[in-house]
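Secondary and tertiary structure notes
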Amino acid sequence: MLVMVPTRELWQQIRGESERFGRPANIATAGVFGAVPVEFASGQQCLVATPAHLNSSTGPAIDASGCQYLVVDQLDLMLSMGFETQLLELPGCLPQVRQTAVYTTAWSDKIQSVARQLTKNALCVQVP
């Protein structure tokens, strides 16, 4: 599982909760943000990352070829922070067959466009 979040603060929160809830199920979590080296090691099933780390001129900084689940949290904030390019590179680094969940608090045409490029046959659920 790859969980993309926009900020270090959210990264810390989600990584901590993933470790807490994953531990009883033997699900190991790793995390990367900014320029911090990849901590992803053999046996870890969940990676929490910020898109800044994936911004590499030589390509993705992680191997996500075995990723079955992609979670993009706060897509609207990531786009406003300028991470569109990194987000649109994700599908090329991931298997074609995967489950993707995109969360956002806004639903502009731009956000919808990026969400469509990250997903296939998506179901949209809007909460008023």
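Residues numbered from 1 in each chain as written. Predicted model: local features only at pLDDT ≥ 70, side-chain atom pairs only at ≥ 80, totals over all residues. Heavy atoms only, no water.

**Structural notes on the overall build of the chain**
In terms of regular secondary structure, the chain is built from four helices and five strands. Every one of the 128 residues in the chain was classed for burial, and the buried ones make up 36%. In the chain, 62% of the contacts between residues at least 6 apart in sequence involve partners at least 24 apart. Just so you have it, the chain exposes about 7600 Å², and 53% of that area is on carbon and sulfur atoms. (Helix = DSSP H or I, 4+ residues; strand = E, 2+ residues; numbered from the N terminus. Buried < 20%, exposed > 50% of the residue type's maximum accessible area, 1.4 Å probe, protein only. Contact = heavy atoms within 4.5 Å. Areas by Shrake-Rupley, 256 points an atom, 1.4 Å probe, with all protein chains shown as cover.)

**Details of the sheet that holds strand S4 (residues 69-72)**
The strand order across the open sheet formed by five strands is S2-S3-S1-S4-S5, and the pairing between neighbours is parallel. Whereas interior strands pair on both sides, the edge strands pair on one side only; in this sheet they are strand S2 (28-32) and strand S5 (99-102). Direction aside, the axes of adjacent strands within the sheet are offset by 15° on average. Inspection of the sheet shows S4 paired to S5 by four bridges, in the parallel sense. Note on S5: the bridge partner recorded for Tyr69 is Gln99. (Pairing = 2+ DSSP bridges. Axes fitted to C-alpha atoms, helices over the stretch in contact; angles between N-to-C directions.)

**Re the pairing of S4**
Pairing geometry for strand S1 (residues 2-4) and S4, over three bridges, is parallel. Residue pairing across strands places Met4 opposite Val72, the latter belonging to S4.

**Digging into the pairing of strand S3 (residues 44-49)**
Bridge analysis of S1 against S3 gives three bridges, and the strand direction is parallel. Pairing of Met4 across the sheet is with Ala49, part of S3. As paired elements, S2 and S3 share five bridges and run parallel to each other. For Ala28, the partnering residue across the bridge sits in S3 and is Gln44.

**Things to note about helix H1 (residues 8-22)**
Under the 1.5 Å per step criterion, the end-to-end length of H1 is 20 Å for 15 residues, consistent within 8% with the ideal 21 Å. Tucked inside the fold, the buried residues of H1 contact S2 and S3. (Expected span 1.5 Å × (residues − 1).)

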